[in-house]
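Chain by chain, the residues:
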Amino acid sequence: MNIKTFKGKTEEEAMASAKKELGENAVKMASRKIEPKGFLRKMFATSSWEVTAAVDEPDVYERTIPRKSAAERPEVRTVPSRQEEVYKQELLFEEKGTESGSAIEQKLDNLKKLFEEQIRELGQAKASEEAKEKAEAPENELPDKNIAFLRLIFHQLIENEVDEQYVNQIITEIEASLKKETDVSKILANFYQKIVLKLGQTKTLEVVSGKTRYVFFIGPTGVGKTTTIAKLAYSLLEQKKAKVALLAADTYRIAAVDQLRTYAEIMNIPLYVIYSETELAEQKEELQKYDVILVDTAGRSHRSREQRDDIERLIRSVPAEAREVYLVLSATTKYRDLVKIAEAYSEISEYRLIFTKLDETDTIGNIFNIKMLTGAPLSYATNGQNVPDDISKIDSQNVARQLLGGGK
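The written sequence of each chain sets the order in which its residues are numbered from 1. In keeping with the predicted nature of the model, local features appear solely for residues at pLDDT of at least 70, side-chain atom pairs appear and are counted solely at 80 or more, and the whole-chain, interface and lining totals rest on all residues. The basis for every side-chain value is the complete set of non-hydrogen atoms in the structure, without hydrogens or water.

Caption draft 1: Layout of the packing of helix α6 (residues 164-175) against helix α13 (residues 365-374). Only the stretch in contact is used when a helix axis is fitted, and all axes are lines through C-alpha atoms; the angle between N-to-C directions ranges over 0 to 180 degrees. The numbering of helices and of strands both runs from the N terminus, where a helix is a DSSP run of H or I of at least 4 residues and a strand a run of E of at least 2. Running from N to C, α6 and α13 point in directions that differ by 75°, and their axes come no closer than 10 Å. What the angle tells us is that α6 and α13 run roughly perpendicular. Contact residues: α6 offers Tyr-166, Gln-169 and Ile-170, while α13 offers Phe-368, Asn-369, Met-372 and Leu-373. Polar here means any residue other than Ala, Val, Leu, Ile, Met, Phe, Trp, Tyr, Cys and Pro, which are nonpolar, and Asp, Glu, Lys and Arg, which are charged; Gly is therefore polar. Classifying every residue of the contact of α6 with α13 by side-chain character gives five nonpolar, two polar and no charged. An angle below 35 degrees is treated as roughly parallel, one above 145 as roughly antiparallel, one from 65 to 115 as roughly perpendicular, and anything else as oblique. By definition in these notes, contact holds between two residues if any of their heavy atoms fall within 4.5 Å.

This is the structure we're talking about:
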């Protein structure tokens, strides 16, 4: 007898899985409805069903029909130990060379006893599992109004395109602090604080007097690296009075170099153009007189290992203590594409995160998603094409408010 357990959203779905695996002759032995654990079961997760089904194994009966001599019979090696007595009895009947009515009845009775034993063991296992679930259940369920509020927050974060795995993670972490008497304002404060903590402290460009820093901007084509560099260059010049130079390494796109040259002329700062890490090394002595060198790298395909190697060699030509790397991503890019981009560039270098084109999207969940995925510090965000305006450092508290529906 082959006995297995199957799960499904409904009892019928679980039984269909049983018939698919065990065959149409599968028989339902037991079934139970499974409720999600914890107080959140009322909110997000739906119940499911577990069905225990059985089917007679053909080889069990086939061994009782042929009347073979002991020499012709194969050794019984694969029979489970708990069924040995049943099969020993069957072999005894075969050796007698006869199948009397009482013998057949004895076989059926033995199989029936085996079946009943398995049912009892399954029942005991289920009872033990249910007792454990009951013991683990919280003593104080949240009132319906709080459940409804939690559900509202859940859907608000999902609507803002926060990945569901991160939403569930936040809820799980908050669960321990929620009591029956917790009011909705406290629940909201918990979510707000948790999101702010996960976003972490924003890290931006710092100017250190007497130390030249090379700041590399990496990322795919079309995300706005060149415009972002121009905005930051102006900010460093005007607000921090830094000596700034631009360096164009994106020689694959002539338009990118021309655009950067235009910005350099407007701000009256130098622009250097290089074609390899060797040329960068040749320019280092000249560049030592500047506080910050903003490097516009090629917007190459993140799928190409060869192209990523070019950027990696350029970055690593500068000592780690003298460089910073910023991965520039568009907030309008699909999350699954952002994941691939972020993971590909992680192979090149550690980086900070800049998000562009926030003015072109109504959701900012990807800021939280990529922060959670990479662990990289958040840095700047841009919300338009105007230079030097339309750029600011990412405010974790403001992001948390927007994610929770509090507006900008």
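Caption draft 2: How the structure looks around the packing of aromatic side chains. Any Phe, Tyr or Trp ring, taking Trp's six-membered ring, that has another such ring centre within 6.5 Å forms a pair; planes under 30 degrees apart are called stacked, those over 60 apart edge-to-face, and the others tilted. Going through the model one piece at a time under the given rule, you end up with four aromatic pairs. When the centroid spacing of 5.7 Å and the interplanar angle of 20° are considered together, the rings of Phe-217 and Tyr-326 count as stacked. Of this pair, Phe-217 sits in strand β4 (residues 213-218) while Tyr-326 is found in strand β8 (residues 323-330), placing the two residues 109 residues apart along the sequence. Under the scheme applied here, a residue whose accessible area is under 20% of the maximum for its type counts as buried, over 50% as exposed, and between as partly exposed, the area being computed with a 1.4 Å probe on protein chains only. With relative accessibility at 0%, the residue Phe-217 sits in the buried group. The buried category is assigned to Tyr-326, whose relative accessible area is 0%. Measuring from centroid to centroid gives 6.5 Å for Tyr-326 and Tyr-380, while their planes differ by 45°, and the two rings are tilted. Placement of Tyr-326 in strand β8 and of Tyr-380 in strand β10 (residues 378-382) is noted, with a sequence separation of 54 residues between them. You can call Tyr-380 buried: its relative accessible area is 10%. One aromatic cluster is present, formed by Phe-217, Tyr-326 and Tyr-380 through successive ring pairs.

Caption draft 3: Region of interest: the pairing of strand β5 (residues 244-248). Counting buried positions along β5 yields five of five residues, so the element is predominantly enclosed. Judged by which residues are buried, β5 turns out to be covered on both faces: Val-244, Leu-246 and Ala-248 on one side and Ala-245 and Leu-247 on the other are all buried. Pairing geometry for β5 and strand β7 (residues 292-296), over five bridges, is parallel. Across the sheet, Ala-248 pairs through a bridge with Asp-296, a residue of β7. Note: β5 against strand β6 (residues 271-273), three bridges, orientation parallel. Any two strands are treated as partners once DSSP identifies two or more bridges connecting them.

Caption draft 4: Spatial organisation of unusual backbone geometry. Residue Lys-241 is not a glycine yet carries a positive backbone phi of 50°. Mapped onto the secondary structure, Lys-241 falls in the loop between α8 (225-239) and β5. Taking the relative accessible area as the measure of exposure, Lys-241 reaches 62% and is therefore exposed. With a phi angle near 60°, Asp-390 is a residue other than glycine that sits in the positive phi range.

Caption draft 5: Looking closely at the pattern of salt bridges. Whenever Lys or Arg places a side-chain nitrogen within 4 Å of a carboxyl oxygen from Asp or Glu, that contact is recorded as a salt bridge. In total, this model carries 13 salt bridges according to the counting rule given. Here Glu-324 and Arg-213 are joined by a salt bridge, their closest N and O atoms 3.2 Å apart. With Glu-324 in strand β8 and Arg-213 in strand β4, the pair connects residues that are 111 residues apart, well separated along the chain. The burial state of Glu-324 is the same as that of Arg-213; both residues are buried. By sharing partners, the salt bridges in this structure join Glu-173, Lys-194 and Lys-198 into a single network.

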